[in-house]
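# Structural overview
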Amino acid sequence: MKKTHNKYKGAWPSAFLAPFCVCFFLFNLFPILYSFYMSFLDWNGYGEKTSIGFQNYIEIFTKDDLFWKSLLNTVKIGVIGFPIAIILGLVFAAIICNLVHCKNLLQTVNFLPYITTPVAIGMIFTFIFEKHVGFLNKLITALGGEAINFTGSPKWAPLVIAFMIIWKCTGYYMAMYLAGITSVSEDVYEAARIDGASRVQTFFKITIPLLKPVTTFLVITSAIYAFQLFDEPNLLFTNQSATTVGGPGQSCLTMVWNFYNQAFGANPRLGYASALSCVLFIIIVLVSVVGLRVMNGKED
Amino acid sequence: MKKVKGILTGILLTVVSLISLVPFWFMFSMSTYKSEMIFQGVPIVPSDYFLENLRTIFASNFVQSYGNSLFVSAVSMVVTVLICAMVGYGMNVYNFKFKKALSIFIMMTMMVPSQIGIIGYMIEMRNIGINQTLWPMIFTWFANGFGAYWMISFIQSSLPIELVESARIDGASEVKIFRSVVLPCIKPGLLTLCLLVFLWSWNNYMIPLVFVNKQENYTIPIFIKSLASAYRTDYGAQLAGLTLATIPLLILFIIGSKNFIKGLTAGAVKG
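Scope of this entry: the structure provided in the associated data block. (Residues numbered from 1 in each chain as written. Chains lettered and ligands numbered in written order. Predicted model: local features only at pLDDT ≥ 70, side-chain atom pairs only at ≥ 80, totals over all residues. Heavy atoms only, no water.)

Time to look at the environment of B:I44. All names here are of chain B. Take I44: it is sitting in the loop between α2 (35-38) and α3 (50-59). As for I44 and I152, which are separated by 108 residues in sequence, their C-alpha atoms are 46 Å apart. Look past the residues within four positions of I44 in its chain and what remains in contact with it is W25, F26 and S29. (Helix = DSSP H or I, 4+ residues; strand = E, 2+ residues; numbered from the N terminus. Contact = heavy atoms within 4.5 Å.)

The structure is reproduced here in structure tokens:
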């Protein structure tokens, strides 16, 4: 086998790998590098470019309250939403993996939110959670409670976003865990059953430890996803009043929304926004590296 | 006792599934109402205004937006999947100097979201002179880290290398092997990735938001949003548009769901 490999050492590997590498350079790497270069400029996109060194970064870390606020919001929404979605996904997967009949049906149905257009999700959730006409509040008032201003108060709005995440991702996580459970050998469960382990014991002692690779993958990808949050919060609030950036009290201004608004909002500051995106990039890299370390480190 | 447990589990799963499904029902059901009527009650039962709403959206440039979305998603899908399949093939059947480094590099590209470079990307597209076209929404998918990584592991597990070797002995050229031996062999993987890229592209919101600045280039998400500002916010029409944009995808997904979920999870779970 080695021999044939060597025979085709010539130009063929490059031919097959070149399209990816070239496209990656042109459409992914170069834009990032260019953003990095722009982060040292003061530039609104059209006029004069002025080189201002590290000024943008200094402003971000020392003067920009909005940056810290958006960081806090993003972490808050992510920390509430994703762990619940992952845990629910795991629990549901453990419940339905033994079902004979509707396993596939349940999996498909719960996967649907994951593939739905964010625009639709944003609109539907607006209709559900809106204060005066939202269905949930109609239900609450019908039951004699007092309407809650879900999308209008800084206290509730981030929770609505977190709920959107849970709604959207649980089915996907469930599918991932189901695949993981299926790949665990039946013998392991059989042995546990013979030893008289209860289902709960089996879940904690066998299922969770054996699914660790899946959990690692999901935790890291969802951490990355959390720092990219933009569609859901943005779409939840654009249908209401177009003027609010970041939802009520800017409680839903995520990092990407903040940087989008600096770059393409009413008063574009491309240099500054580039600096924001570079900071975001570093955060994402740190989170993935630390995440990988922590999750793998526990093993030894 | 066991029976009670079974029933409770059944109820729990039904409730959860309902929570997943109810918003879809609302979307469809609300799209059959006149905007002003939607909030009169809770629109659980469909009304009779669906055709009117359809007329409204067809009167604006819904068809063109739909076409744009189809074009963008289809081209992105075909090219991206081809590029990923080529990487998958190259990484699995050849040995070359920087293979290990490249493999780590592809892993890393998976972790870098494309939004990070979007400002640079916009300036780049503007300088090439294509920022007013649909192409920026297409190019952005071509070097998809997840797709490449996923294809590499899929080909590794499903392409018998002997097949390639024997084709070589028969004197087939590398291009021919790729086209008539490899591609048919990895068809399920190709289909899964096709569906995935199509979906990403179809649902994408931020890149069109940055690049689309004239009606002729609207994609579905931007079109729906434009209905909110153009005249009065016509929720009924918006939802009718969304229904038409979502339902075909759902049907496609339900038909292929078994293979799709299996494929998606197989690629990811291994990593």
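Within the secondary structure, A:T74 sits in helix α4 (residues 65-96). Leaving out residues up to four positions away in the same chain, A:T74 has contacts with A:A226, A:F227, A:T254 and A:M255.

Residue and element names in this part refer to chain B. Taking 1.5 Å of rise per residue, 29 residues should cover 42 Å, and helix α1 (residues 2-30) covers 41 Å from first to last C-alpha, within 8% of that figure. Roughly 35° is the biggest bend found in α1, and it falls at L21, with proline P23 one to four residues downstream. Of all the residues in α1, the buried ones are L13, V16, S17, S20, P23, F24, F26, M27, S29 and M30. (Expected span 1.5 Å × (residues − 1). Bend = angle between axes of the 7 residues up to and from the residue. Buried < 20%, exposed > 50% of the residue type's maximum accessible area, 1.4 Å probe, protein only.)

Opposite the 88 residues of chain B that make contact, chain A presents 85 residues. At the surface where chain B touches chain A, the tally comes to 0 salt bridges. In this assembly, chain B and chain A are joined by 8 residue pairs in polar contact (both at pLDDT 80 or more). Of the residues forming the side of chain B that touches chain A, the biggest block, 17 residues, is contributed by helix α14 (residues 235-270) of chain B. For the side of chain B that touches chain A, the residue count by class is 62 nonpolar, 19 polar and 7 charged. (Salt bridge = Lys/Arg side-chain N within 4 Å of Asp/Glu carboxyl O. Polar contact = N/O pair within 3.5 Å; in protein donor to acceptor, adjacent residues only side chain to side chain. Nonpolar A, V, L, I, M, F, W, Y, C, P; charged D, E, K, R; others polar.)

Next up on the list: the pattern of salt bridges. All names here are of chain B. Within the structure shown, the criterion is met by 5 salt bridges over all chains. Between R168 and E174 there is a salt bridge, with the nearest N and O atoms lying 3.0 Å from each other. The exposure class of R168 is buried, given its relative accessible area of 8%.

Glancing now at the packing of aromatic side chains. The tally for this structure, following the rule as stated, stands at 53 aromatic pairs over all chains. By way of ring pairs, the aromatic residues A:F125, A:F129, A:F150, A:W156, A:F163, A:W167 and B:F24 are connected into one cluster. Positioned over the ring face of A:W43 is A:K49, at 4.6 Å from the centre of the ring. Its end group placed over the ring of A:Y272, A:R269 keeps NZ or CZ at 4.2 Å from the ring centre. (Phe/Tyr/Trp six-rings, centres within 6.5 Å; stacked < 30°, edge-to-face > 60°. Lys NZ or Arg CZ within 6 Å of the ring centre and 35° of its normal.)

Below, the discussion takes up helix α3 (residues 55-62) of chain A. Buried within α3(A) are the following residues: A:N56, A:Y57 and A:I60. Buried residues of α3(A) fall within an arc of 95° about the axis and therefore sit on the same side. (Arc of directions from axis to C-beta.)

Turning next to unusual backbone geometry. Leave glycine aside and you will find that most residues have negative phi; peptide bonds, for their part, are mostly trans. In the Ramachandran plot, A:Q250 falls in the positive-phi region, its phi being about 55° despite a non-glycine side chain. Its relative accessible area of 28% is what places A:Q250 among the partly exposed residues.

We now examine a nonpolar patch on the surface. On the surface, A:F163, B:V4, B:I7, B:L8, B:I11, B:V15 and B:I19 cluster together into a nonpolar patch covering about 630 Å² of accessible area. With 6 residues, the top contributor of residues to the nonpolar patch is α1(B). By the element assignment, B:V15 lies in helix α1. (Patch = residues over 30% accessible without salt bridge, like charges linked within 9 Å, V, L, I, M, F, W, Y side chains within 5 Å. Areas by Shrake-Rupley, 256 points an atom, 1.4 Å probe, with all protein chains shown as cover.)

Topologically, A:K138 is positioned in helix α7 (residues 135-142). The sequence separation of A:K138 and A:I128 amounts to 10 residues, and the corresponding C-alpha distance is 9.2 Å.

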